[in-house]
Amino acid sequence: MNTLATTLCLITGIISTLFNSGVVISAAAVTDVASAASWSSSVHDVVDHAKVGVDVASSEFAGDGLTATATSDTTANTSSSNSNNIGNDPYCPFFNEDNEAELSKTLNIHIVPHTHDDVGWLKTVDQYYYGLNNTIQQAHVSLILDNVLHQLLDTNSPHNRTFTYVETAFFSKWYLSLPSSSQQSLKQLIEEKRFTFANGGWVMHDEACPHFMGMIDQTTLGHSFLKKELGVIPKVGWQIDPFGHSATQGGLMTKGMGFDSLFFGRMHYVELQNRQRDGECEGLWSSSSSNDDSIFWGLSGSYQGNYGAPKGMCFDVLCDDDPLVGLEVDALQKRIKSFMEMVAVQANQTKGRDVMLTMGSDFQYSQARKNFQNLDLLIVATDYVLSNGSIQMSDLFGEDRFNSVKIFYSTPERYTECKYIDLMNTRKARQKSREQREPLSMQTKFESTLRDSNNWAVKMGDWFPYADCDHCYWTGYFSSRQSLKRLERVGSSFLHASRQIESMLKLQFSHLDGAYEHIINKRDPAGRSKLAAETLWSESLSNTNSWNDSPLYTLDDAMGVAQHHDAVSGTSKQHVAYDYAKRIADGMKNASAFVTGALRAMLVDSSAISFSYCHLLNETVCDISQVASEDDTQSTYVVVYNALTSNRSEVIPLPVSVLAMKVERLASVPDDWAVVASTVIANANYANVNVADAAGYTLWLEARDLPPTGALVFRITRSEERHDPASTVRIANEVVDEATISLSHLRSGQNNGELASVDTSDLVFSNGVLSVTFDR
């Protein structure tokens, strides 16, 4: 499914329906053909500035997400992985002569409260957030966050409670709805590292179906919000629910994003059993044959193949386990003994003296008071039972491994730090001395330590396919909901090409006082009403410090949501899939309004030309070209923009109402037009499906030598001469022979769509090298 996303740019105006078109096409119908002289010299400026425009787009794309993440070690007050904090944790210090004997025999149990909030699955995104339609699933994200915040601020708790959150799409909506006092309280908790973020992307993306650009985009969007609003950049990858894991995730999306570690829940059941047996449920992951890109990975869910609490210790209202609160002392001691036996099993399935218990699961903590009260008691009761001798450590861990336990609230970042310290404490004296003399960033130190440790197994490649039992392979989602998968690719290409055009517009007019207002006045002296896109752009210029100031935000949001592991994967319910598609369509509609306005501002000096975008090309419907083709006095102008960084040639389809059409390309400003190859083919309605307003014909025009990140302009007019069906027309290295052209005779009338006569000859397509023959 990982077709190159940057070759897809179905964006503005009249758009090619080819999946890999990589072009942006915008159209305008003009009554006065002579108005062609009004084309601005900026047509060539777009090509001249193309490379600069791409640089601007790339810089803007990476500025606050990917780049900032990679250098976030400079943010001392927001990253628990800052090198100045390493070794200062009282539970995870560097060993010395005074503490080594005691600490080396102490097991640290990290209690990590968290919730996993799917951004759509059984319910839509909004249904989950607002707690609607609970007959399907009890889930209310805003309530979860409200109650968690209240419990973290509870001063009656004997412990510094913590909480880890992941899905920024939900969090951003909730945070922006909070009163300022609550926002300040939350910021204080974040400063104290009691409310932390893992992953931090807009969603927890799938790893099999998305293109890597979609993964980067959604992560950048989430990190941009967290950095600009809260000054936070997550340092831990958290992919606990996707159905298998790709090498791209391990290399690009973890190490490349600046994460220190990656945790996930699902693994092929046979490999999981082997790792449990061999004590390798944590280790190193390298996506290539070199260990230079190794990252630390670990399993969640107590290494049981998921991400929930240990058996019998789920205290959420959605769980059936009995709470600890209210138990008699004997019953409580029995539960703690059972708990410690499970911890001992987990500790023996990994290396080192730290284990993490992920205390949470899907949409948990809606009644957070119950969760935290039981976790508080779990910590207190474990300390009590172990200290009074009710449980003998040797019975759990043997004589030589651990003789004491520390249990405390923690976070994935803190756990990662402790694993790093744990590894550092096992290194040779020479290696430790070198680290102390040459302080390094957290990630560099971790990689150096891991390479020097011979105790950690290195996983090579990916973790596909995923299976949780015999004949239970989770592979159908590789190809399920093909239409949604394709729409995700189309939307992603739309977004990337739109960003290029947005950057070019900023570059071209950034030197003007009043910016876009100046453009509007210059282009439209008659003072016509602004386009919605122009208004949006004007407003965005005055709000450049906002994390979502781009007029393309609606599409950015929709595409971020689409990367969710139940969205592009196709594993959601049908009504949820419809909602994903609707969000992408709305985003493309908003983005196209902006881009058509941007193209008009850059390319046109006359108010007589206004671009439009045809959203129904998949139904062979485009009002502007269909109506214009019926009128001898009208011309249709088409702008074809190539979003790739190399020259290309494409065949562009355009719905029209007649057979005789003429296509010309603007060779030079102001009015030098050259005829280009084209043909008109009837749209044969084999299934006799009645599509309202569908065009009877499609004009195919040859867009040769599209410049890299540049545009060509075409003019389409009625022609007095019909195409000769017997002729062979060459279009962009494809030969459409007589059999193809004969399709123009298949439809007898445009009203009823009935077929006249059917040609029984074979249908042949050839590119001069290979030929494909279809038997009618």
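Look up a bit, the structure's there.
About the criteria used
- Within every chain, residues take consecutive numbers counted from 1 along the sequence as written.
- Only residues with pLDDT of at least 70 are given local features in this predicted model, and only at 80 or more are side-chain atom pairs given and counted; all residues enter the totals for whole chains, interfaces and linings.
- As a convention, hydrogens and water are excluded, and side-chain values are obtained from all of the structure's heavy atoms.
- Numbering of helices and strands runs from the N terminus, with a helix taken as a DSSP run of H or I at least four residues long and a strand as a DSSP run of E at least two residues long.
- When a residue's accessible area, from a 1.4 Å probe over protein chains only, is under 20% of the maximum for its type it is buried; when over 50% it is exposed; and in between it is partly exposed.
- Residue contacts are counted whenever heavy atoms from the two residues lie within 4.5 Å of one another.
- Using a 1.4 Å probe, the Shrake-Rupley method yields the accessible areas, and only the shown protein chains count as cover for residues.
- Disulfides are defined as pairs of cysteine sulfur atoms found within 2.5 Å of each other.
- We count a salt bridge whenever a side-chain nitrogen from Lys or Arg sits within 4 Å of a carboxyl oxygen from Asp or Glu.
- Here, any two strands with at least 2 DSSP bridges between them count as paired.
- Place the viewer so that the strands point away; then a crossover is right-handed whenever the path from the first strand over the helix to the second strand goes clockwise.
- Aromatic rings from Phe, Tyr and Trp, taking only the six-membered ring of Trp, are treated as a pair when their centres fall within 6.5 Å; an angle between ring planes under 30 degrees marks them as stacked, one over 60 as edge-to-face, and anything in between as tilted.
- Two conditions define a charge located above a ring, namely a distance within 6 Å from the ring centre to NZ of Lys or CZ of Arg, and an angle within 35 degrees of the ring normal.
- Each polar contact in these results corresponds to two N or O atoms within 3.5 Å; when the atoms are within protein, one needs to be able to donate a hydrogen and the other to accept it, and residues that are neighboring in sequence are counted only if both atoms are side-chain atoms.
- A fitted line through C-alpha atoms represents every axis, and for helices the fit uses only the stretch in contact; the resulting angles, taken between N-to-C directions, go from 0 to 180 degrees.

Trainee: Please explain the overall build of the chain as it appears in this structure.
Mentor: Summing up its helical and strand segments, the chain has 24 helices and 22 strands in all. The proportion of buried residues among the 776 residues of the chain is 56%. Looking at the chain alone, contacts between residues at least 24 apart form 77% of all its contacts between residues at least 6 apart. Total accessible area on the chain is roughly 31200 Å²; 48% of this is exposed by carbon and sulfur atoms.

Trainee: Would you mind going over the state of the cysteines with me for this structure?
Mentor: When the sulfur atoms of two cysteines share a covalent bond, that bond is a disulfide. On inspection of all chains with the given rule, the structure shows four disulfides. Residue pairing for cysteine 469: its cysteine sulfur links by disulfide to cysteine 472, the two sulfurs lying 1.8 Å apart. Across the disulfide from cysteine 469 to cysteine 472, rotation about the S-S bond amounts to roughly -65°, and the bridge is consequently left-handed. Taking the relative accessible area as the measure of exposure, cysteine 472 reaches 22% and is therefore partly exposed. Across the disulfide, cysteine 614 is cross-linked to cysteine 622 (sulfur-sulfur distance 1.9 Å). Residue classification places cysteine 614 among the buried positions, given a relative accessible area of 8%. Sequence-ordered numbering of the bonded cysteines in the chain gives a pairing of 1-4, 2-3, 5-6, 7-8.

Trainee: Can you walk me through the pattern of salt bridges in this structure?
Mentor: Side chains carrying opposite charge are able to pair once their charged atoms draw close together. If you walk through the whole model with that rule in mind, you get 21 salt bridges. The closest approach of N and O atoms between aspartate 126 and arginine 583, which form a salt bridge, is 3.5 Å. On the criterion of sequence distance, the pair formed by aspartate 126 in helix α5 (residues 125–130) and arginine 583 in helix α22 (residues 574–603) is long-range, its members being 457 residues apart. Note on arginine 583: relative accessible area 18%, which makes it buried. Each of the salt bridges in this network shares a partner with another, and the network as a whole consists of Asp126, Asp579 and Arg583.

Trainee: What exactly am I supposed to notice about the pairing of strand β6 (residues 261–264) here?
Mentor: In the case of a regular strand, side chains alternate between the two sheet surfaces. Along β6, one buried face is formed by Ser261 and Phe263 and the opposite face, lined by Leu262 and Phe264, is buried too. Summarising the sheet, strand β5 (residues 236–239) and β6 pair through four bridges and their orientation is parallel. Looking at the pairing, glutamine 239 lines up with phenylalanine 264 of β6. Handedness of the crossover joining β5 and β6 through helix α10 (residues 247–255): right-handed.

Trainee: I tried to follow the packing of aromatic side chains on my own but got confused; where do I start?
Mentor: Aromatic rings considered in pairs are described by the distance between their centres and by the relative angle of their planes. In total, this model carries 34 aromatic pairs according to the counting rule given. When the ring of phenylalanine 264 is compared with that of tryptophan 463, the centres are 5.1 Å apart and the planes differ by 65°; the resulting orientation is edge-to-face. On the criterion of sequence distance, the pair formed by phenylalanine 264 in strand β6 and tryptophan 463 in the loop between β11 (458–460) and α18 (482–509) is long-range, its members being 199 residues apart. By relative accessible area, which is 0% here, phenylalanine 264 ends up buried. Look at tryptophan 463 and you get buried, because its relative accessible area is 5%. Here a set of aromatic residues connected by ring pairs shows up, and it is made of Phe163, Tyr165, Phe171, Trp174, Tyr175, Phe195, Phe197, Phe225, Tyr365, Phe372 and Tyr409. Taking the ring centre of tyrosine 129 as reference, the NZ or CZ of lysine 173 above it sits at 5.5 Å. It is lysine 459 that lies over the ring of tryptophan 463; its NZ or CZ is 4.7 Å from the centre.

Trainee: Can you help me understand the side chain of aspartate 354 in this one?
Mentor: Assignment of secondary structure puts aspartate 354 in strand β9 (residues 354–359). Side-chain polar atoms of aspartate 354 contact the side chain of histidine 110, separated by 2.8 Å. Non-local contacts of aspartate 354, meaning those with residues more than four positions away in its chain, are made with Cys92, Leu107, Asn108, His110, Tyr415, Cys418, Lys419 and Asp422.

Trainee: Please clarify how α10 should be interpreted in this entry.
Mentor: Because the α-helix completes a turn every 3.6 residues, residues three or four places apart line up on one side. Taken together, the buried positions of α10 are Gln249, Gly250, Gly251, Met253 and Thr254. In this structure, the buried side of α10 is in contact with α9 (212–230), β5, β6, β7 (282–286) and β8 (295–299).

Trainee: Help me understand the sheet that holds strand β16 (residues 678–682), please; the structure alone is not making it clear to me.
Mentor: Across a sheet, paired strands are connected by hydrogen bonds in the backbone, their directions being either parallel or antiparallel. What the three strands build is an open sheet, ordered β13-β17-β16; its pairing is antiparallel. Edge strands, defined here as strands with exactly one partner in the open sheet, are β13 (648–656) and β16. Averaged over all adjacent pairs, the angle separating strand axes in this sheet is 25°, with direction ignored. Pairing between β13 and strand β17 (residues 697–706): eight bridges, direction antiparallel. Its bridge partner being in β17, proline 653 is matched across the sheet by tryptophan 700.

Structural measurements only, silent on function.
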